[in-house]
Amino acid sequence: MMKKIAAVLLLTGLPALALAKVPVVASFSILADMTREIGGDRVEVVSLVGPDQDAHVFQPTPSDVKKVAAAKVLVVNGLGLEGWMGRLNKAASFKGVTVEAARGVKAREAPEEEHDHGHDHGHDHGALDPHVWHDPVRVQTYIGNISAGLIKADPAGKAEYQRRAADYSAKVKALNDWAAKQFAAVPAAKRKMLTSHDAFAYLGERYQLKVMAIQGVSTEAEASAKGVAQLVRQVKKEQVKAVFVENMSDKRLLEQLSKEAKVQIGGKLYADALSAPSGPAPSYLALFRYNVETILKSFR
Ligand SMILES: [Zn+2]
């Protein structure tokens with residue numbers, strides 16, 4: 001047996017340690033992608049909430065507890081996105097490094113909602129808007145936090161994490177420069193959009209878009225008939241042309257609204273999750289570019 005292992009090591013020419021990657025769990029697909037970009041070959045990242053899945057209403061299973069228990073690093077968004085994480089963390093007795101990606105970000109407050117939400121379902125409602133990743137400028141803070149967490153858990157990789165984080169940061173900056181230029185070319189009066197849940201306020205703030213939504217910042221909240229009727233009037237009055245469904249949330253209300261307001265749905269935005277690898281948004285960079293292009297097409 002020992003002979004066999006020694007032979008394998010000789011063949012690969014690598015010390016056994018180089019084969020052991022740092023096990024990382026990310027709460028949802030967008031963070032998992034960012035962590036892979038920064039961690040490269042030194043990390044093995046799994047995402048709890050998968051592509052096209054809704055991180056607000058996720059229900060962890062016993063296999064998720066095992067994943068977290070085996071991880072050395074846990075990457076979460078924070079700002080109330082993962083109301084289910086506290087219990088999962090406890091069940092897994094996680095003792096590794098926790099990275100809160102949004103830590104230190106200047107967060108937006110969630111707008112007052114004009115409808116009731118059922119408060120008896122045991123999830124947390126943050127008063128802050130968690131969808132920070134739709135602002136690539138604030139995402140620079142995510143990159144810094146994730147790379148600092150990886151370095152803490154795996155100091156030997158420091159130089160590589162720093163180099164990869166700097167490369168990735170430059171790509172995210174270029175993406176923002178491109179988007180800013182594109183949006184600036186659209187007259188301000190046309191920069192109005194409507195989505196299912198209120199996931200794009202950071203995008204709106206960054207590029208001066210007026211963003212309306214049927215639901216609040218969580219997909220858990222239910223829209224009221226009164227709220228929907230009000231939105232129909234607003235969409236008609238302001239002649240909103242850009243109306244989008246989302247990849248991970250229920251589209252029925254939006255379809256109903258688009259019918260009542262007589263506006264066409266301008267496509268699908270990737271709000272809180274990546275697409276499958278074969279889809280148009282398999283990475284954060286691709287997701288952001290795809291969303292911007294989809295919105296611009298509707299504005300024009
Ligand atoms: Zn959301």
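K.L.:
Whenever I open this one, the overall build of the protein chain confuses me. Can you help?
P.N.:
The number of helices and strands found in the protein chain is 10 helices and eight strands. Looking at the 300 residues of the protein chain, the share that counts as buried comes to 48%. Long-range contacts, defined as pairs at least 24 residues apart, comprise 67% of the intrachain contacts of the protein chain with a sequence gap of at least 6. For the protein chain, the accessible surface area stands at approximately 15,000 Å², while carbon and sulfur atoms represent 54% of it.

K.L.:
Please explain helix α9 (residues 252-261) as it appears in this structure.
P.N.:
Helical geometry note: an α-helix holds 3.6 residues per turn, so side chains three or four residues apart project in the same direction. Along α9, the residues that are buried comprise Leu 254, Leu 257, Ser 258 and Ala 261. The buried residues of α9 all sit within an arc of 100° when viewed along its axis, so they share a single face. α9 presents Arg 252 and Lys 259 as exposed residues on the side facing more than 90 degrees away from its buried surface. Looking at the buried residues of α9, the elements they touch are β5 (192-197), β6 (210-215), α8 (225-237), β7 (242-246) and β8 (265-269). Looking one or two residues past α9, Lys 262 carries a phi angle of roughly 55°, positive in sign.

K.L.:
For this particular structure, what's the right way to read the packing of helix α2 (residues 29-39) against helix α5 (residues 136-153)?
P.N.:
Packed helices, taken two at a time, are described by the angle between their axes plus the distance between the axes. At a minimum axis distance of 10 Å, the contact between α2 and α5 shows a crossing angle of 60°. What the angle tells us is that α2 and α5 run oblique. The element α2 and its partner α5 pack so that their crossing is right-handed. Of α5, the residues touching α2 (which contributes Leu 31, Met 34, Thr 35, Ile 38 and Gly 39) are Val 139, Tyr 142, Ile 143, Ile 146, Ser 147 and Leu 150. A breakdown of the residues in the contact of α2 with α5 according to their chemical character gives eight nonpolar, three polar and no charged.

K.L.:
Hey, could you run me through the coordination of the zinc ion in this one?
P.N.:
Six octahedral donors around a metal ideally subtend angles of 90 or 180 degrees, whereas four tetrahedral donors ideally subtend 109.5 degrees. For the zinc ion, the full set of protein donor atoms is His 56 (NE2), His 131 (NE2), His 197 (NE2) and Asp 272 (OD), at a range of 1.9 to 2.0 Å. Mapped onto the sequence, the donors of the zinc ion take the spacing H-x74-H-x65-H-x74-D. You can see His 131 sitting in the loop between β4 (97-100) and α5 and its partner His 197 sitting in strand β5, a full 66 residues away along the chain. This pair shows no difference in class: His 131 is buried, exactly as His 197 is.

K.L.:
Can you help me understand the pattern of salt bridges in this one?
P.N.:
Side chains bearing opposite charge may pair, as long as their charged atoms lie close to each other. For the structure on display, the rule yields 13 salt bridges. Across the salt bridge formed by Arg 138 and Asp 135, the nearest N and O atoms sit 2.8 Å from each other. The same class applies to Arg 138 and to Asp 135, which are both buried. Across the pair Lys 210 and Glu 238 runs a salt bridge, and its minimum N-O distance is 2.8 Å. Of this pair, Lys 210 sits in strand β6 while Glu 238 sits in the loop between α8 and β7, and the two are 28 residues apart along the sequence. When salt bridges with common partners are traced through the structure, they connect Arg 108, Asp 135, Arg 138, Glu 205 and Arg 206 into a single cluster.

K.L.:
Is there a simple way to think about the pairing of β6 in this case?
P.N.:
Looking down a regular strand, the side chains alternate between one sheet face and the other. When β5 meets β6, the two strands line up parallel, connected through five bridges. Counterpart to His 197 in the pairing with β6 is Gln 215. With helix α7 (residues 201-207) bridging β5 and the parallel β6, this β-α-β connection has right-handed handedness.

So, how was this worked out
Residues numbered from 1 in each chain as written. Predicted model: local features only at pLDDT ≥ 70, side-chain atom pairs only at ≥ 80, totals over all residues. Heavy atoms only, no water. Helix = DSSP H or I, 4+ residues; strand = E, 2+ residues; numbered from the N terminus. Buried < 20%, exposed > 50% of the residue type's maximum accessible area, 1.4 Å probe, protein only. Contact = heavy atoms within 4.5 Å. Areas by Shrake-Rupley, 256 points an atom, 1.4 Å probe, with all protein chains shown as cover. Arc of directions from axis to C-beta. Axes fitted to C-alpha atoms, helices over the stretch in contact; angles between N-to-C directions. Parallel < 35°, antiparallel > 145°, perpendicular 65-115°, else oblique. Left-handed = near helix turned anticlockwise from the far one by under 90°. Nonpolar A, V, L, I, M, F, W, Y, C, P; charged D, E, K, R; others polar. Donors = N, O, S within 2.8 Å, 3.2 Å for Na, K, Ca; no water. Salt bridge = Lys/Arg side-chain N within 4 Å of Asp/Glu carboxyl O. Pairing = 2+ DSSP bridges. Right-handed = clockwise from strand over helix to strand, strands pointing away.

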